[in-house]
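A closer look at the structure
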Amino acid sequence: MRLLPLLLLFFLLQCSPISRSSLERPKLQTGFEYYSASVDSMNTGAFASAIKLVKEAIKLNPNYAKFYLLEGNLYTELANPQEALNSYRKATKLRSSYVEVYFRIATIHEKEYKDYDEAVKYYRRAYAVDKSNHNLLLNIGECYLASNEINLAKHKAEEYKKLIEAENKSLSFDYYHLNGKVNYLQKEFSFAINDLERAIRLNPKQFEAKLLLVKCLFETDSPEEGLKYINELMKLNDTVGELYYFRALYYYTKNKFKDSLGLFEQALSLDETLLKSHYYLGKIYESLGNQEKSLEHLQLFRQSMHQEEQIIQIQ
């Protein structure tokens, strides 16, 4: 008799419109379903699962460029730039006018491989497809700047400015930042300050622009103004050697040698490329009567200058 209630319950469950099988997640069937599931996984940060899902989508529908774009984006998130490039290139074979893909290929060449010629090539392809996206000119300019082609970088900034002004639009942070860097490298410090101040008004939290502004202010004998920005930046990141270097330089110009000594040493401990610190340390130790330490730092500075001259001769 005990079996009768159990058999009755089993019968009711089987006949119920809400059976156990209906409660299970339906299996994905089409490529687009796998693609959507992959996007959902990516949005939750589950990149490894998203890769598996988009690969299934590609197996079912191998001729959709956006599937390869998603695959490339996921490889980018997983810090695998070479696989990302492979995916992006497959996307361009299926859709030759894919601006976003060209942009992503260019970015990988620029940021990951420092291959600026290749980056410029793909930025140009993106711009050829979308002539309204003038920011791509600034991306090209940044690549020229990284290749030390300063005049070409300046030309791209000017080209961007003319097009934007012709459309009665506002110049962007990226324009002012690029132009500021160009003017700094050309030792046009007053123009650089003007550009960088405009850039910072558009993006007050931009660290790199403020640091470059500090350098320009010290070049134009405005250390007090520079120190104000140094203090702001140190609150954001106190591990940047250049901030200690310029704070040390501020105290050095005020003849506060003991205050600057520790700061120059801290600058070198954080960034050993700040070789001019050795020059100032040599001078400080000389003023303090420590000839041994003075000669040690001055010799290190002279060695660095000699190495720099050799590099310039090779170039």
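Residues numbered from 1 in each chain as written. Predicted model: local features only at pLDDT ≥ 70, side-chain atom pairs only at ≥ 80, totals over all residues. Heavy atoms only, no water.

**So, the overall build of the protein chain**
When its secondary structure is counted, the protein chain shows 18 helices and zero strands. For the protein chain, buried positions account for 40% of its 315 residues. By sequence separation, contacts in the protein chain at least 24 residues apart represent 43% of the contacts at least 6 residues apart. (Helix = DSSP H or I, 4+ residues; strand = E, 2+ residues; numbered from the N terminus. Buried < 20%, exposed > 50% of the residue type's maximum accessible area, 1.4 Å probe, protein only. Contact = heavy atoms within 4.5 Å.)

**Concerning the nonpolar core**
Core analysis: the largest hydrophobic core is formed by 90 residues, its most contacted members being Ile230, Tyr245 and Phe264. Not counting the four nearest positions on each side in its chain, Phe264 is found in contact with Tyr245, Ala248, Leu249, Tyr252, Ser277, Tyr280, Leu281 and Ile284. (Core = buried A, V, L, I, M, F, W, Y, C linked by side-chain atoms within 4.5 Å.)

**Some details on helix H8 (residues 116-129)**
Counting along an α-helix, one turn takes 3.6 residues, and residues three or four places apart therefore face a common direction. Taking 1.5 Å as the rise per residue, H8 with 14 residues should run 20 Å; its terminal C-alpha atoms sit 20 Å apart, in good agreement. Every buried residue of H8 is accounted for by Tyr116, Ala119, Val120, Tyr122, Tyr123, Ala126 and Tyr127. (Expected span 1.5 Å × (residues − 1).)

**What about the packing of aromatic side chains?**
Summed over all chains, the structure comprises 20 aromatic pairs. Judged by centre distance (5.1 Å) and plane angle (50°), the rings of Phe218 and Phe246 are tilted. Residue Phe218 is located in helix H13 (residues 207-219), and its partner Phe246 is located in helix H15 (residues 241-253); the two are separated by 28 residues in the primary sequence. Phe218 sits in the buried class, given a relative accessible area of 13%. Exposure remark for Phe246: the relative accessible area of 9% places this residue in the buried category. The interplanar angle of 75° and the centroid separation of 5.2 Å between the aromatic rings of Tyr279 and Tyr280 together place this pair among those described as edge-to-face. (Phe/Tyr/Trp six-rings, centres within 6.5 Å; stacked < 30°, edge-to-face > 60°.)

**Observations concerning the environment of Glu242**
Residue position: Glu242 is located in helix H15. Here the alpha-carbon distance between Glu242 and Phe264, two residues 22 residues apart in the chain, equals 9.4 Å. Look past the residues within four positions of Glu242 in its chain and what remains in contact with it is Leu211, Lys215 and Leu274. Side chain to side chain, Glu242 and Lys215 meet in a polar contact 2.9 Å long. (Polar contact = N/O pair within 3.5 Å; in protein donor to acceptor, adjacent residues only side chain to side chain.)

**Side note on the environment of Asn135**
Mapping Asn135 onto the fold places it in helix H9 (residues 135-146). Relative accessible area serves as the criterion here: at 36%, Asn135 is assigned to the partly exposed category. The spatial distance from the C-alpha of Asn135 to the C-alpha of Tyr123 is 10.0 Å, given a sequence separation of 12 residues. Setting aside residues no more than four positions away along its own chain, Asn135 makes contact with Tyr160 and Ser172.

**Let's talk about the confidence of the model for the protein chain**
Residues of the protein chain with pLDDT of at least 70 account for 89%, and the chain-wide mean is 91. Scored below 50 in pLDDT, residues 3-25 shows three contacts in the model against residues more than four places distant or in partner chains. This model gives residues 310-315 a pLDDT under 50, and the stretch forms zero contacts once residues within four places in sequence are excluded. (pLDDT = per-residue confidence, 0-100.)

**Here we look at the environment of Leu281**
Relative to the helices and strands, Leu281 resides in helix H17 (residues 276-287). What makes Leu281 buried here is its relative accessible area of 0%. Setting aside residues no more than four positions away along its own chain, Leu281 makes contact with Leu261, Phe264, Glu265, Leu268 and His297.

**Topic: the packing of H15 against H17**
Pairs of packed helices are described in terms of their axes, by the angle between the two and the distance that separates them. Running from N to C, H15 and H17 point in directions that differ by 30°, and their axes come no closer than 11 Å. Along this stretch, H15 crosses H17, giving a crossing that reads as left-handed. Contacts from Tyr245, Leu249 and Tyr252 in H15 reach Lys276, Ser277, Tyr280, Lys283 and Ile284 in H17. The residue makeup of the contact of H15 with H17, split by class, is five nonpolar, one polar and two charged. (Axes fitted to C-alpha atoms, helices over the stretch in contact; angles between N-to-C directions. Left-handed = near helix turned anticlockwise from the far one by under 90°. Nonpolar A, V, L, I, M, F, W, Y, C, P; charged D, E, K, R; others polar.)

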